[in-house]
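Residue-level structure breakdown
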Amino acid sequence: MVAEGTEAGFELIALSPQLIPTPMRVKWSLNRIETRYHWYQLYGNWNWEPSTRRKSIATGEALLGDTPFVLSTPTDWGQYELVVERLDGDYVAAALDFYAGWYAPADGSATPDRLELSLDADSYQPGDTAQLRLVPKNAGTALISVLSNRVISRQAVAVEAGDVAAGEVVIPLSVTKDWGSGAYVTAMMLQPLTGKDSRTPTRALGLVHAKVAQPGQDLQVSIEVPEVARPRSTEVAHIAVSGAHPGAEVWLTVAAVDLGILNLTGFKSPDPGAYYHGQRRLGMELRDLYGRLIDPGNGALGQIRSGGDADRGMQMQSPPPTQDLVAFFSGPLQVDANGAVAMPLDLPAFNGTVRLMAVAWSKQAVGQAEADMLVRDPVVVTASLPRFFAPGDQSRMRIEIVHAEGPAGEMALSAQVLGAGLSLGNLPASVMLGDQGKAVLELPVTATGVGDPEVALSLTTPEGRVLSQNLRLPVRANDPVVATTRRFSLQKGGRFQLTNDVFASLKPGTTRAVLSAGPLAKFDVPGLLQSLDQYPYGCTEQVTSTALPLLYLSSVAKSLGLGKGPQVDARIQSAIQRVLTRQASSGAFGLWRAESGDFWLDGYASDFLSRARAQGHAVPEGAFVRAMDNLRNRLNYASDFDHGGEDVAYALLVLAREGAAAMGDLRYYADVKTRAFATPLAAAQLGAALAAYGDQRRATGCLPAPQSCCNIRRMSAPSGGRIMAPIAAMPQACWRCWLRQDQRRSTPRP
């Protein structure tokens, strides 16, 4: 982009395949590109196609050599291309597109109903006059609007045929305080129907954002730190703030973080100016009735050109860092009367770059600044450690020693282990380094136990300065968890003694045994509860499945080490809060965020809230009412089914427990859809809902046969891996039936 009325400058050079400058005679041409749209009627339908015309502005020849050839040519506003062609050999050409002036560049989605418009400056202040340029294709009326979260101003401008021939219309707009930190300028170009045989009435839309800098909204912040600092020392960062209103109270925060960490995560320095005063999403809706004026059978279908995948950023987990991370945060610091703050930084044994980021604010303005500080020893010692280590593994540490500055010569070197779980091999007692020299060593290491041992490396310079680095080398056992379940029957008068024999062939110190008896043993409730607690993810369904059993199995949770009464209550309350963060305004629940869509998930999350509320846990009244209202609304709009209905039955059960189900719905599904439910559990849930309302006859008719009810355990889980969920939602009558029938089928085993 170059300014209108100025010269566009270029440098031309010819390169060989080896990227070496080579002589070449060329011809250059500067063309202006103009795009026009043409309407045509085919088989009774109107369509359009763009056409591009190139108009030669300037041309010439040049001999390219070892140094770039400088070319400059005057330009007016518009789109241009520079074409360079070879004259003295095989044909070779290169081209470059660019724009001149405050011209709105067209893109690949440009269509006849897109109006080209632009502003004459990047930023304005209240009292300025913004020049809005339109590039109309036809004469008509332009409706100009200035919008933010409301309509600021509107005006209609007549566009004559002469304006179209001139190629532009310039409209002055007065910038006022009402524009805030920025406003959108929209233009709607209207062209009336000119005849019966003409194409349909046309309109073109355009939108551009105008940035406005309000006086006194920005603070100027600067950070002064030494270019090179030493590890294991204290440095002082001096921050200065100016531009505040006289007498205003100014505060700031300072963060100092390893630049490598920031680059790894793609972190950008905080910019409160862009956050508070940057471009915001348009807060108005544009109502367009143009579609009602188009003959639906006499035009080409439009195409959606928006959308795309969301950038969720980098998500990762990593082992403990090998060294202490450099990350300081000052907290709020008040700026003194001179606009200055001094922040001391206690630097650890770290070699690298530290980025300092300051954010300042007052009641009227904000500001920010950043600065980088190199932290380095005169002799830098770095090590490459094994990425993973398990007991019994043997590996090597690669140690690099680089002389950066100061006296060179023989450097004493030593290494020792801090903590247990690691043994070291031999390391040379000294190393010889010249000026700017480098030495690479390898230190054998062997893991002997699980833990986070450290290797302390010490280097003594010729001047007697000791430089030390502590490197953490985590050792983890990568063996998978082994679980063994044994079920047997104990006859009347029989005895069983639990001894250490159950831990045979298992690693000492990592084992645990749980003994359960009665119905809990038949269902392996402790094993299921522990599996749910160890589940690695945390969607709404998994959070609910982990917390729901704790409402009734607190004693089992205590025996598994999941906490005593207060700890279990705290886990349940935490799960309630986490589930509610994913509740939409409609009362529905999303798996990872507040959204709606899965009816069964709505019932499952609402069931958990209902049961927790009944147990005395704190559930916000408003959130619970919205959850119940959502279930009623979903039932009212539920589609009919001939096979399925699990979500419908579950929602009816939850509502019936709260006395909020419609009796007509319960009787309809009992009388008409009992055999249409896909699972015995769904029919049992409907029966339990009817029983809660006192309709025992219909409730009995809904309960499945005992053999069908017993098949619940062998049912395949519904989509999404809902394994614990159907069991948690099982009515008590079904529980008793299942346990009784399972007892009849069980065969005593020793």
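Everything discussed here concerns the structure shown above.
Description of the structure in this document. (Residues numbered from 1 in each chain as written. Predicted model: local features only at pLDDT ≥ 70, side-chain atom pairs only at ≥ 80, totals over all residues. Heavy atoms only, no water.)

Let us now look at helix 11 (residues 646-657). Compared with the 16 Å implied by 1.5 Å per residue over twelve residues, the 17 Å span of helix 11 between its first and last C-alpha is a close match. Taken across its twelve residues, helix 11 has nine buried, putting it largely inside the fold. Residues of helix 11 that are buried include every one of V648, A649, Y650, A651, L652, L653, V654, L655 and A656, and no others. The inward-facing, buried residues of helix 11 contact helix 9 (599-614), helix 10 (621-636), helix 12 (663-672) and helix 13 (680-692). Among the residues trailing helix 11, G659 stands out with phi positive, at a value near 70°. (Helix = DSSP H or I, 4+ residues; strand = E, 2+ residues; numbered from the N terminus. Expected span 1.5 Å × (residues − 1). Buried < 20%, exposed > 50% of the residue type's maximum accessible area, 1.4 Å probe, protein only. Contact = heavy atoms within 4.5 Å.)

All right, on to the pattern of salt bridges then. Going through the model one piece at a time under the given rule, you end up with 28 salt bridges. Across the pair R613 and E658 runs a salt bridge whose closest N-O atoms are separated by 3.7 Å. Separated by 45 residues along the polypeptide, R613 in helix 9 and E658 in the loop between helix 11 and helix 12 bring together distant segments of the chain. We classify E658 as partly exposed; its relative accessible area is 29%. Because the salt bridges share partners, they merge into one network encompassing R667, D671, D695 and R698. (Salt bridge = Lys/Arg side-chain N within 4 Å of Asp/Glu carboxyl O.)

It is worth spelling out unusual backbone geometry at this point. Of note in this structure, R232 is not a glycine but carries a positive phi near 60°. Looking at where R232 falls in the secondary structure, it is placed in the loop between strand 16 (228-229) and strand 17 (234-242). The backbone of Q436 sits at a positive phi, close to 60°, despite the residue not being glycine. Note on Q436: relative accessible area 53%, which makes it exposed.

Ranked by internal contacts, the top residues of the largest apolar core, which has 48 residues, are I576, F608, L609 and L686. If you list the elements that add at least two residues to this core, you get helix 6 (540-547), helix 8 (565-580), helix 9, helix 10, helix 11, helix 12, helix 13 and helix 14 (696-702). In terms of residue count, helix 11 provides more of this core than any other element does, eight residues in total. Not counting the four nearest positions on each side in its chain, L609 is found in contact with I576, L580, F589, V619 and F624. (Core = buried A, V, L, I, M, F, W, Y, C linked by side-chain atoms within 4.5 Å.)

Let us look at the sheet that holds strand 7 (residues 116-119). The strands that make up a sheet pair up through hydrogen bonds in the backbone, lying either parallel or antiparallel. What the three strands build is an open sheet, ordered 7-9-12; its pairing is antiparallel. Strands with a single pairing partner mark the edges of an open sheet, and in this sheet they are strand 7 and strand 12 (169-174). Across the sheet, the mean angle separating the axes of adjacent strands is 25° when strand polarity is ignored. Inspection of the sheet shows strand 9 (residues 129-135) paired to strand 12 by six bridges, in the antiparallel sense. Counterpart to R133 in the pairing with strand 12 is V170. (Pairing = 2+ DSSP bridges. Axes fitted to C-alpha atoms, helices over the stretch in contact; angles between N-to-C directions.)

Another point: the sheet that holds strand 13 (residues 182-191). One open sheet accounts for five strands, arranged 8-14-13-10-11; its pairing is mixed. Sheet topology places strand 8 (123-124) and strand 11 (151-159) at the edges, where each strand pairs with a single neighbour. Bridge count between strand 10 (residues 140-147) and strand 13: seven bridges; the pairing is antiparallel. For V146, the partnering residue across the bridge sits in strand 13 and is V185.

Right, let's get into the pairing of strand 11. Strand direction decides the pairing type here: strand 10 and strand 11, joined by eight bridges, are antiparallel. The residue of strand 11 that forms the bridge with A142 is V157.

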